[in-house]
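Architecture and fold: a report
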Amino acid sequence: MTEVTPRSMANAIRALSMDAVQKANSGHPGAPMGMADVATVLFTKFLKFDSSAPNWPDRDRFILSAGHASILLYNLLYLTGYKDMTVEDLKKFRQLGAKTAGHPEYGHADGIETTTGPLGQGISNAVGFAMAERHLNAQFGDDLVNHKTYVLAGDGCLMEGISQEAISLAGHLKLKNLIVIWDDNNISIDGRISMADSTDQVKRFEASGWKVLRCDGHDHTAISVALATAQLSDQPVLIAAKTIIGWGSPNKKDSYQAHGSPLGDAEIALTRKELDWPWPAFEIPPHILNAWREAGARGKAERTAWEGRLSTSPSKAWFNRIMAGKLPDNFEKVMSDYKKELAKKPPHIATRNSSQNALDVINAAVPETMGGSADLTGSNNTKSKDMVVFSASNYAGRYVHYGIREHGMAAAMNGLALHGGVIPYGGTFFCFTDYCRPSMRLAALMGIRSIFVMTHDSIGLGEDGPTHQPVEHLAACRAIPNHLVMRPCDAVEAAECWQIALESKATPSTLVLTRQKLLPARLSYSARNLCAQGAYEIAESKKKAKAVIFASGSEVEIAIAAKAMLDKKGIPTRVVSVPSMELFEKQSKAYKEKVLGTEKIRIAVEAGLRMGWDRFIGADGKFIGMTGFGASGPAEQLYEKFGITAKAVVKAATAK
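Residues numbered from 1 in each chain as written. Predicted model: local features only at pLDDT ≥ 70, side-chain atom pairs only at ≥ 80, totals over all residues. Heavy atoms only, no water.

1. Some words on the overall build of the protein chain
When its secondary structure is counted, the protein chain shows 27 helices and 18 strands. In terms of C-alpha radius of gyration, the protein chain reaches 28 Å, essentially the compact-globule figure of 26 Å for 656 residues. Along the three orthogonal principal directions, the C-alpha set of the protein chain runs to about 95 × 55 × 45 Å. Here the protein chain holds 656 residues, and 64% of them are scored as buried. Considering only contacts in the protein chain between residues 6 or more positions apart, those separated by 24 or more positions represent 77%. With 75 positive and 68 negative side-chain charges, the protein chain shows a separation of 7 Å between the mean positions of the two kinds. (Helix = DSSP H or I, 4+ residues; strand = E, 2+ residues; numbered from the N terminus. Rg over C-alpha atoms; globule rule 2.2 N^0.38 Å. Buried < 20%, exposed > 50% of the residue type's maximum accessible area, 1.4 Å probe, protein only. Contact = heavy atoms within 4.5 Å. Lys, Arg positive; Asp, Glu negative; His and termini not counted. Charge placed at Lys NZ, Arg CZ, Asp CG, Glu CD.)

2. Let's talk about the sheet that holds strand β17 (residues 601-606)
With mixed pairing, 5 strands are arranged side by side in an open sheet as β14-β16-β15-β17-β18. Two strands lie at the open edges of the sheet, namely β14 (536-539) and β18 (622-625), each paired on one side alone. With direction set aside, neighbouring strand axes in the sheet form an average angle of 30°. Sheet analysis places strand β15 (residues 547-551) next to strand β16 (residues 573-577), joined by 5 bridges and oriented parallel. Considered in β16, the bridge of Val-548 is made with Arg-574. Strand contacts of helix α27 (residues 646-655): β15, β17 and β18, with the helix running at about 160° to β17, the strand carrying the most contacts. (Pairing = 2+ DSSP bridges. Axes fitted to C-alpha atoms, helices over the stretch in contact; angles between N-to-C directions.)

3. What about the nonpolar core?
By size, the foremost hydrophobic cluster in this structure holds 63 residues, and its most contacted members are Met-131, Leu-175, Leu-178 and Tyr-402. It is helix α6 (residues 121-140) that contributes the most residues to this core, 9 residues altogether. If sequence neighbours within four positions are ignored, Tyr-402 has contacts with Met-131, Leu-169, Gly-372, Ser-373, Ala-374, Met-409, Ala-412, Met-413 and Leu-416. The next biggest cluster of nonpolar side chains, apart from the first, holds 61 residues, and it includes Leu-73, Ala-109, Phe-282 and Ile-288. (Core = buried A, V, L, I, M, F, W, Y, C linked by side-chain atoms within 4.5 Å.)

4. What about unusual backbone geometry?
For Arg-94, which is not glycine, the phi dihedral falls at a positive 70°. Looking at where Arg-94 falls in the secondary structure, it is placed in the loop between α5 (87-91) and α6. Take Arg-94: its relative accessible area is 25%, and that puts it in the partly exposed class. Of note, Asp-276 is a non-glycine position whose phi angle comes to about 55°, a positive value. Structurally, the position occupied by Asp-276 is in the loop between α11 (265-275) and α12 (286-296). Residue class for Asp-276 comes out partly exposed when judged on its relative accessible area of 49%.

5. Details of the environment of Leu-72
Mapped onto the elements, Leu-72 comes out in helix α4 (residues 70-79). Residue Leu-72 is classed as buried on the basis of its relative accessible area, which comes to 1%. For the pair formed by Leu-72 and Gly-628, sequence separation is 556 residues and the distance between their alpha carbons is 48 Å. Those residues within four positions of Leu-72 in sequence are excluded, and the remaining contacts are Ile-13, Pro-32, Met-35, Ala-39, Leu-64 and Leu-152.

6. Examining the side chain of Thr-149
Within the fold, Thr-149 resides in strand β2 (residues 149-154). Look at Thr-149 and you get buried, because its relative accessible area is 1%. Residues contacting Thr-149, with those up to four places away along its chain left out, are Arg-61, Ile-63, Ala-126, Phe-129, Ala-130, Asn-177, Leu-178 and Ile-179.

7. Section: the sheet that holds strand β5 (residues 237-242)
Spatially, the 5 strands line up as an open sheet ordered β1-β2-β3-β5-β4, and their pairing is parallel. Of all strands in the sheet, those bounded by a partner on one side alone are β1 (61-64) and β4 (211-216). Taken pair by pair, the neighbouring strands of this sheet meet at an average axis angle of 20°, ignoring direction. Taken together, the 6 bridges between β4 and β5 define a ladder with parallel strand orientation. Following the sheet pairing, Arg-214 is matched in β5 by Ala-240.

Honestly, that's just the spatial picture; any functional story needs more than this.
Below is the structure:
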């Protein structure tokens, strides 16, 4: 029995899927078994890749948005010959320390393009991948950049609200190299999709500017025709592949029982007979494995030709630099020179304006940045001068109008960062991190350079009131591991925070910026990036300090004003600016002890919640900030109403 057919290759996926899930006694065999035929056609005939060069920049990207079907991806990587995915890794599926985690995790193995699992994230990341491809194609041409982004999405991905933000943006931008294959199996964990949803997904995608194709997801010829047709589209494409979940399982196919549980030994035995698959668990016969390995090497000649074109391209050095994620060699000097200019004439402006001024410098020096805003460009100040809009008519543009799609924006930014060649940043109001946080969390989990620009950071935004005034948001964002939250107090700190964000290749950053103007606090040039220390003494005491005030952002000027009043009262005081708690914790023990000091009078000031500040002031320290929601009114009146004033700080200090 040595004949290799497309169905026998697909059955290899089915066998490995049910075996791995059974051995782990955990997982989702149904979707991998149902999509095995589609995956076989895609990987053997259409996907441009070379398993021996998994990071080839012009490879097609394959994104498993239905992350619960992770064993499908792991099986494909093993079968096509990715060096770091072995059959032993499949046997360790869902086990502690294994590459083959319950949901695909970026960085665990080559070929995993993004971390998926929270449904809707993968298809939304894919929009960013496709945007990056079009943008780089506009810069470098077809010779260096011309590839597809393929997505395998399930019913759950399409039900999640973020998917609408993503598909409408993709349709608007006419991202023709984006192809989504919908696993249309009509099953979710609870049962039939019809129990909860009756959306006509085909009409929905068509209304969003997509070309829609249909095919039988188990007919290899029909799948091939659909994928071939998709190559020629001038719009993003949805292929609605009608499939049967758990295909091959006599008793559990087309049932929720195949979705999220092992099939069981008895049913696996019956399935092997149904599939005419006599081989034992995890064994792929040589003739079928060789056919898969040939598919994995199919793109080698194309990859070699591409490398030849790159080697003679005048853009080679630029292309290699940005794809490696390296900043221009002169970046540090550019930022240093800018700080010198600020020291000559410290501006009295809001930090959102300080951020834009910094971007005017950064975007001129770092051509791979790609900015944007969720319909708040004039408020977030994210569009620097001379920045051209990225659009369906001009993919060379570097500024994205994301529309009112905060969550879709954040997910697309992650896709842009993961694709490589661009450094994405995007803005909205800080309160709306509530809409962005799932994507922000995944950026932190993946360790990627997504930069979130969050303005209107407190009650200082004023009249829009408590619906828009962040209170708990600083604490919530600081709670995300591997995530830099930076709240600068003036133009110099804003520039330094931007420099940190751009230099942090493996950590996303959130810049938290004010609407209201702030007095400059850094009045002299420092070659060192002081914000990189997380916290530092911004106003020293000429005498031995009896009090210390810790503050961030807009409250630093309050702390400095309070210090002047306390000094006059005979209570020598120093002020510590705390732009980033996360960076402070990375400093040496000696440095942290020096900054924290031993003063008995310890006060923290921030227009947010106390959470996190006891690290600086102790449980007995005094916190001047918010304990509830804000109110609508002018900013200066709100600070008085909620007692976040220099007088309140002085009163607290003298009471101690």
